[in-house]
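So you can see what is in the structure, the chains are spelled out below.
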Amino acid sequence: MARGTMHAPKPDGQRRRRNAPAHGETVLPRDGELRGPELAELTGGRAFSDGVLAWYDVWRRSPQAAVFEMTDWLRLALLAPIVEGYLKRPSAAALSEIRMNEERLGATVVDRMRARMRVEDDDLDEGDEGLPAGVTSLDERRGDIRRRLA
């Protein structure tokens, strides 16, 4: 995918170049489970503000955390002081560093699309035809229109 676009990659059958993807799609669970070590464990007990602790807990509960390795947790720990500094005194340089590091971990939908990550959605109740709850099938809608016209 081209950088900065909101477009999903084309289906494999529609690609001009038929090279096999370097890796398959990773399905991430949306379960809200708390994963990874405490921030204090990674930073030698350093105290952080409530804002940084909340930021770190969001990452710990994120679907991406299901595939994090220790190196990913260490990256977040190294980023925590930068987030702390940004919350106290915002700067473009700090925000750029935070954004770049979070991008590598799959922070936004575009980042996850680029990394071929997909968050499973258990919260969609599917009807009998596999449609999300509240969605009418096209055939059913056409039948309603035909009955009204007849």
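Before reading on, note that the structure itself is shown above.
Given the structure is predicted, the values throughout are model-derived calculations rather than measurements.

Caption draft 1: Layout of the pattern of salt bridges. Throughout the structure, instances matching the rule amount to 11 salt bridges. The shortest N-O distance in the salt bridge between Asp111 and Arg114 comes to 3.6 Å. Here Asp111 pairs with Arg114, and both are found in helix H5 (residues 109–114), just three residues apart, close to one helical turn. The exposure class of Asp111 is buried, given its relative accessible area of 9%. One continuous salt-bridge network, built from bridges that share partners, spans Asp31, Glu33 and Arg35.

Caption draft 2: Local environment of helix H4 (residues 92–104). Along its 13 residues, H4 runs 18 Å from first to last C-alpha, staying within 8% of the 18 Å computed at 1.5 Å per residue. Turning to H4, its buried residues number three or more, namely Ala94, Ile98, Asn101, Glu102 and Glu103. Following H4 by one or two positions, Gly106 adopts a phi angle in the positive range, close to 85 degrees.

Caption draft 3: Quick look at the nonpolar core. Judged by nonpolar contacts, the single largest core of 17 residues is most densely connected at Leu39, Val52, Trp55, Tyr56, Phe68, Trp73 and Leu76. Only helix H1 (39–42), helix H2 (50–61) and helix H3 (70–88) provide two or more residues apiece to this core. Sorting elements by how many residues they give to this core places H3 first, with six residues. With residues near it in sequence (within four places) discarded, Leu39 still touches Phe48, Val52, Leu53, Tyr56, Ala77 and Ala80.

Caption draft 4: Geometry of the packing of aromatic side chains. Taken as a whole, this structure holds three aromatic pairs when the rule is applied. Ring centres 5.0 Å apart and planes at 75 degrees place the aromatic pair Phe68 and Trp73 in the edge-to-face group. Pair check on accessibility: Phe68 and Trp73 agree, each one buried. Among the aromatic residues, ring-to-ring pairing joins Tyr56, Trp59, Phe68 and Trp73 into one connected group.

Conventions adopted
- Residues numbered from 1 in each chain as written.
- Predicted model: local features only at pLDDT ≥ 70, side-chain atom pairs only at ≥ 80, totals over all residues.
- Heavy atoms only, no water.
- Salt bridge = Lys/Arg side-chain N within 4 Å of Asp/Glu carboxyl O.
- Helix = DSSP H or I, 4+ residues; strand = E, 2+ residues; numbered from the N terminus.
- Buried < 20%, exposed > 50% of the residue type's maximum accessible area, 1.4 Å probe, protein only.
- Expected span 1.5 Å × (residues − 1).
- Core = buried A, V, L, I, M, F, W, Y, C linked by side-chain atoms within 4.5 Å.
- Contact = heavy atoms within 4.5 Å.
- Phe/Tyr/Trp six-rings, centres within 6.5 Å; stacked < 30°, edge-to-face > 60°.

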